[in-house]
Amino acid sequence: MTFSYCPRCGARLVSRTLGQEGEVPFCSGCQKPWFRMFPSAVCVLALNPSGEGLFVTQRRIPGLCLVSGFIAPGETAEETAVREVREETGLTFLNGRLLATHWYRRDGVLMHLILGRVDEGRPVPSEELTEAFFLPLKEAAPRVDPSSTGVLALLELTEKQALQDEIISGKIEMNK
Ligand SMILES: [Zn+2]
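Residues numbered from 1 in each chain as written. Predicted model: local features only at pLDDT ≥ 70, side-chain atom pairs only at ≥ 80, totals over all residues.

### Quick word on the overall build of the protein
Our working definition: Numbering of helices and strands runs from the N terminus; a helix is a DSSP stretch of H or I covering at least four residues, while a strand is a stretch of E covering at least two. Any residue surrounded by 20 or more other C-beta atoms within 10 Å of its C-beta is treated as buried, while 12 or fewer makes it exposed and the intermediate range makes it partly exposed; C-beta atoms here are placed from the backbone.
Counting its regular elements, the protein contains four helices and ten strands. In the protein, the succession of α and β elements from N to C terminus is β-β-β-β-β-β-β-α-β-β-β-α-α-α. Dimensions of the protein along its principal axes, counting C-alpha atoms only, are 60 × 35 × 25 Å. The buried share among the 176 residues of the protein stands at 29%.

### What to know about the nonpolar core
We count it as follows: Nonpolar cores are identified as sets of buried Ala, Val, Leu, Ile, Met, Phe, Trp, Tyr and Cys residues joined via C-beta atoms within 7 Å. For every residue pair, C-beta atoms are placed from the backbone, and the pair is scored as a contact if these atoms sit within 7 Å.
Among the nonpolar cores identified, the biggest contains 34 residues, and Val 44, Ala 46, Leu 66 and Val 85 are the most heavily contacted of them. Counting residues per element, the ones that place at least two in this core are strand S4 (40-47), strand S5 (53-58), strand S6 (61-65), helix H1 (77-89), strand S8 (93-104), strand S9 (109-118) and helix H3 (149-157). With seven residues, the single largest contributor to this core is S4. Sequence-distant contacts of Val 85, that is, excluding residues within four places in its chain, are made with Val 44, Ala 46, Val 67, Leu 91, Phe 93 and Val 118.

### Regarding the environment of Met 37
Here Met 37 shows up in the loop between strand S3 (32-33) and S4. As a C-alpha pair, Met 37 and Thr 130 span 93 residues in sequence and 31 Å in three-dimensional space.

### Quick look at the sheet that holds strand S1 (residues 14-18)
We count it as follows: Two strands are said to pair when DSSP picks up at least two bridges between them.
Strand order in this open sheet of three strands is S1-S2-S3, and the pairing throughout is antiparallel. Lying at the two open borders of the sheet, with one neighbouring strand each, are S1 and S3. Pairing analysis gives two bridges linking strand S2 (residues 22-27) to S3, with the strands arranged antiparallel. When the sheet's bridge partners are listed, Cys 27 is paired in S3 with Lys 32.

### So, the domain arrangement of the protein
Our working definition: Either an automatic procedure or a domain database provided the assignment from which the domain bounds are taken.
On domain assignment, one finds that the protein holds domain 1 (1-37) and domain 2 (40-169). Once you take the C-alpha centre of each, domain 1 and domain 2 turn out to be 36 Å apart.

### A few points about H3
Note on helix geometry: an α-helix contains 3.6 residues per turn, so any two residues three or four positions apart are oriented the same way. For clarity, the cut-off: Arc, as used here, means the arc of the directions from the helix axis to the C-beta atoms.
Of all the positions in H3, only Gly 150, Val 151, Leu 154 and Leu 155 are classed as buried. Seen from one end, H3 has its buried residues packed into an arc of 135°, which puts them on one side. Looking at the packing, one finds that the buried side of H3 touches S4, S6, S8, S9 and helix H2 (137-140).

### Describing the environment of Gly 116
Following the sequence through the fold, Gly 116 ends up in strand S9. Each C-alpha atom of the pair Gly 116 and Leu 45 lies 6.4 Å from the other, and the pair is 71 residues apart in sequence.

Structural data, given as structure tokens:
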């Protein structure tokens, strides 16, 4: 999102050259640059004790999806992951670890790719989902739509067995 008017005082912004940033919309009244903004979100892969991943399906997105959602102001990406897994499936997400960030070109969103685990339990899909279920990672990958680049990136980052074992065994507890 590029600003034309100052979100604080409503004045029309002018273009100003700011060092290495180049031309940036600038409010002369507030003496403040308004850089382009974009949403931040999480994409979460939760492994169960058998090493299967928690996948979901949605009406408007083709193929398999992962739990995902926008980061709320004041939240860390790891906290968003815990909240979204609970809201979307009713399960408790543990041991979440940020593996990488991914620019999701389709939606203009910065995705935080988070891997963690859930304990035994049956996922109950929220109203915004059609299904929520566990599936071996190798079976899931071919069923992900190519436009879901964040999901594919997270699956690829998770391919190492040693990483999966470490997450499932819960050696590193970053979330309570
Ligand atoms: Zn202003």
